[in-house]
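Structure at a glance
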Amino acid sequence: MAEALNFTYQALPMRVVFGAGSVASLPDEVSRLGLRRVLVLSTPEQEDTASRVAAALGDHVAGVHAKARMHVPVEVAAEARQVATDLGADGCVAVGGGSTIGLGKAIALEYGLPIVAVPTTYAGSEMTPVWGLTEGGQKRTGRDSRVLPHAVVYDPELTVSLPTGLSATSGINAIAHAVEALYAPDASPIISLMAEEGARALASALPSVVAAPEDIEARGEALYGSWLCGSCLGATTMSLHHKLCHALGGSFDLPHAETHTVVLPYALAYNAPAALPAVAALNRALGSGDPARALFELTGRLGAPRSLRALGFPADGIERVVEQVTATPYANPRAVTPDGVRELLRSALDGTPPVG
Ligand code: NAD
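Residues numbered from 1 in each chain as written. Predicted model: local features only at pLDDT ≥ 70, side-chain atom pairs only at ≥ 80, totals over all residues. Heavy atoms only, no water.

**Let's talk about the sheet that holds strand β8 (residues 151-154)**
- Within the open sheet, the six strands sit side by side as β1-β8-β5-β4-β2-β3. Their pairing is parallel. Every interior strand has two partners, whereas the edge strands, β1 (15-18) and β3 (61-65), have only one. Averaged over all pairs of adjacent strands, the angle between their axes in this sheet comes to 15 degrees, without regard to strand direction.
- Taken together, the four bridges between strand β2 (residues 38-41) and β3 define a ladder with parallel strand orientation. (Pairing = 2+ DSSP bridges. Helix = DSSP H or I, 4+ residues; strand = E, 2+ residues; numbered from the N terminus. Axes fitted to C-alpha atoms, helices over the stretch in contact; angles between N-to-C directions.)

**Some details on the site of the ligand**
- The immediate surroundings of the ligand are formed by 23 residues, with Thr43, Glu45, Ser99, Thr121 and Thr128 found nearest.
- In this structure, a nitrogen atom belonging to the ligand sits 2.7 Å away from a side-chain N or O atom of Ser161.
- Summarising the interface, the protein chains cover 85% of the accessible area of the ligand, which totals 860 Å² for the free molecule.
- If one sorts the elements of the shell around the ligand by residue count, helix α4 (residues 98-111) sits on top with three residues.
- Along the lines of polarity and charge, the residues of the shell around the ligand split into seven nonpolar, 13 polar and three charged.
- When residues of the shell around the ligand are assigned to domains, at least three map to each of domain 1 (15-159) and domain 2 (164-350). (Near = heavy atom within 4 Å. Polar contact = N/O pair within 3.5 Å; in protein donor to acceptor, adjacent residues only side chain to side chain. Areas by Shrake-Rupley, 256 points an atom, 1.4 Å probe, with all protein chains shown as cover. Nonpolar A, V, L, I, M, F, W, Y, C, P; charged D, E, K, R; others polar. Domains from an automatic or database assignment.)

**Re the pairing of strand β4 (residues 91-96)**
- Within β4, six of the six residues are buried, which leaves the element mostly enclosed by the surrounding structure.
- Both β2 and β4 contribute to a ladder of four bridges, which runs parallel. Among the inter-strand pairings, Val38 is bridged to a residue of β4, identified as Gly91.
- Handedness of the crossover joining β4 and strand β5 (residues 115-119) through α4: right-handed. (Buried < 20%, exposed > 50% of the residue type's maximum accessible area, 1.4 Å probe, protein only. Right-handed = clockwise from strand over helix to strand, strands pointing away.)

**Section: the packing of aromatic side chains**
- Per the counting criterion, the structure on display carries four aromatic pairs.
- A ring pair is formed by Phe18 and Tyr154, whose centres lie 5.7 Å apart and whose planes are at 40 degrees; its orientation type is tilted. In this pair, Phe18 is assigned in strand β1 and Tyr154 in strand β8, connecting sequence segments 136 residues apart.
- Since its relative accessible area comes to 35%, Phe18 is described here as partly exposed.
- For the ring pair Tyr224 and Trp227, a centre distance of 6.3 Å and an interplane angle of 45 degrees mean the geometry is tilted. Of this pair, Tyr224 and Trp227 are both found in helix α7 (residues 216-235), three residues apart, which corresponds to roughly one turn of the helix.
- With a relative accessible area of 24%, Trp227 lands in the partly exposed category.
- Arg320 extends its terminal NZ or CZ atom over the ring of Phe252, reaching a point 4.9 Å from the ring centre. (Phe/Tyr/Trp six-rings, centres within 6.5 Å; stacked < 30°, edge-to-face > 60°. Lys NZ or Arg CZ within 6 Å of the ring centre and 35° of its normal.)

**Some thoughts on the nonpolar core**
- Among the nonpolar cores identified, the biggest contains 70 residues, and Tyr122, Ile175, Val179 and Leu295 are the most heavily contacted of them.
- Residues from two domains meet in this core; each of domain 1 (15-159) and domain 2 (164-350) gives at least three.
- Grouped together as the second largest cluster of nonpolar side chains are 25 residues, Leu248, Phe252, Val263 and Val341 included. (Core = buried A, V, L, I, M, F, W, Y, C linked by side-chain atoms within 4.5 Å.)

**Quick word on helix α12 (residues 318-326)**
- Among all positions in α12, only Ile318, Val321, Val322 and Val325 are buried. Angular distribution of buried residues about the axis of α12 spans 105 degrees; they occupy a single face of the element. (Arc of directions from axis to C-beta.)

**Looking at the domain arrangement of the protein**
- Under the domain assignment used here, the protein contains domain 1 (15-159) and domain 2 (164-350).
- For domain 1 versus domain 2, the separation of C-alpha centres amounts to 25 Å.
- Counting residues at the interface gives 22 residues for domain 1, matched by 24 residues for domain 2.
- Between the two partners, domain 1 and domain 2, sit zero salt bridges.
- On the surface where domain 1 and domain 2 come into contact, there are six residue pairs in polar contact (both at pLDDT 80 or more).
- The set of elements that each furnish at least two residues to the side of domain 1 that touches domain 2 consists of β1 and β7 (138-143).
- At three residues, β7 tops the list of elements feeding residues into the side of domain 1 that touches domain 2. (Contact = heavy atoms within 4.5 Å. Salt bridge = Lys/Arg side-chain N within 4 Å of Asp/Glu carboxyl O.)

**A few points about the side chain of Glu126**
- Following the sequence through the fold, Glu126 ends up in the loop between β5 and β6 (130-135).
- Of note is the side chain of Glu126, whose polar atom sits 2.6 Å from the side chain of Tyr154.
- The residues contacting Glu126, other than those within four sequence positions of it, are Met14, Ile101, Ala117, Pro119, Leu148, Pro149, Val152, Tyr154 and Ser226.

**Remarks on the packing of helix α8 (residues 240-252) against helix α9 (residues 256-271)**
- The contact between α8 and α9 brings their axes to 9 Å, and the two run at 145 degrees. Classified by chirality, the crossing of α9 by α8 is right-handed. Taking contact as the criterion, the partners of Leu240, His241, His242, Leu244, Cys245 and Leu248 in α8 are, on α9, Thr259, His260, Val263, Leu264, Ala267, Tyr270 and Asn271.
- A class-by-class count of the residues in the contact of α8 with α9 yields eight nonpolar, five polar and no charged. (Left-handed = near helix turned anticlockwise from the far one by under 90°.)

**So, the packing of helix α5 (residues 164-182) against helix α11 (residues 291-301)**
- For the pair α5 and α11, the least separation of the axes is 12 Å and the interaxial angle reads 170 degrees. Relative to α11, α5 is oriented roughly antiparallel. Mapping the contact onto sequence places Ile172, Ile175 and Val179 in α5 and Leu295, Leu298 and Thr299 in α11.
- In the contact of α5 with α11, the residues fall into five nonpolar, one polar and no charged. (Parallel < 35°, antiparallel > 145°, perpendicular 65-115°, else oblique.)

Spelled out as structure tokens, the structure:
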């Protein structure tokens, strides 16, 4: 290590139960927290899974509320809080991806109800104290320890139904957390270890997941990687890549995981010259000599989108994003200039191979 060690690390209080079939431990997890009437949350698409989880929880369940939506619109949050109050819920079990866990967080933010998260994507929200709420097309986010789930049950069997396209993009979304944690202003040795191992596990597992979605071993390795990458997201401050995705998603309504997938190789290529230790860690993780190129190629092998144009982003939208991500300063390894961001977005628009 070239530089003298100098860091602060704050561990987050969190209980994790991991393994195929571990959803069976949910009644015990809920009891450990002293919860008697939990509200089970999901999206409408995952209502069947939520109902099965509710059935397994038996007497501990106050009801199922299957109305989670992407980016937690304030009216969706208000309705869920009202349902929780009407049913006298004392906690939530959130079964799903970032949208469902985000709804649990919106309830916890207001009422402090503990969350038990059962993640079924690789987005990583379950490991963070970060909440988000959307009103009038604007997404507000914040950090609050009340929204950090008390327990997380990772069961790879629940991820088998995640479509291969979303498995691939959600997995790259998770790798993006690891990439930015490695050069974060609040990086620390333990988080860097988790980031490198998380990126390695996902890059190794995702091709097998896409080739054989029911392969529980590959699903388990991908979910393990997503746990590590989510922990990195919860512990560090994200930079240019996440700012770009936030601007693209917020202003152009681009899909979350797909946007991360397209942008990551370009954001990494931009930052790479100023983040050499991160590049070295990612080269070990990806078995490559150029991690931005390796991620671009991995995305291609997974059959995931590689250009913003393919996601419906218009060329004349570039200036709006440039303005948003350069408006206020934030920590990033390389200076964020309008020219630099413009060039990055032009390459991402067309999906030309990233050049560091
Ligand atoms: P998502 O939760 O929106 O899920 C996408 C779709 O996939 C939904 O229809 C869902 O029902 C379905 N789905 C999820 N798991 C499935 C499974 N196993 N089988 C079948 N269908 C399944 O997607 P996401 O990418 O997990 O979450 C994105 C949202 O989470 C965004 O709003 C993002 O901002 C937020 N997020 C927040 C944090 C945080 O720390 N606060 C972290 C990551 C993501």
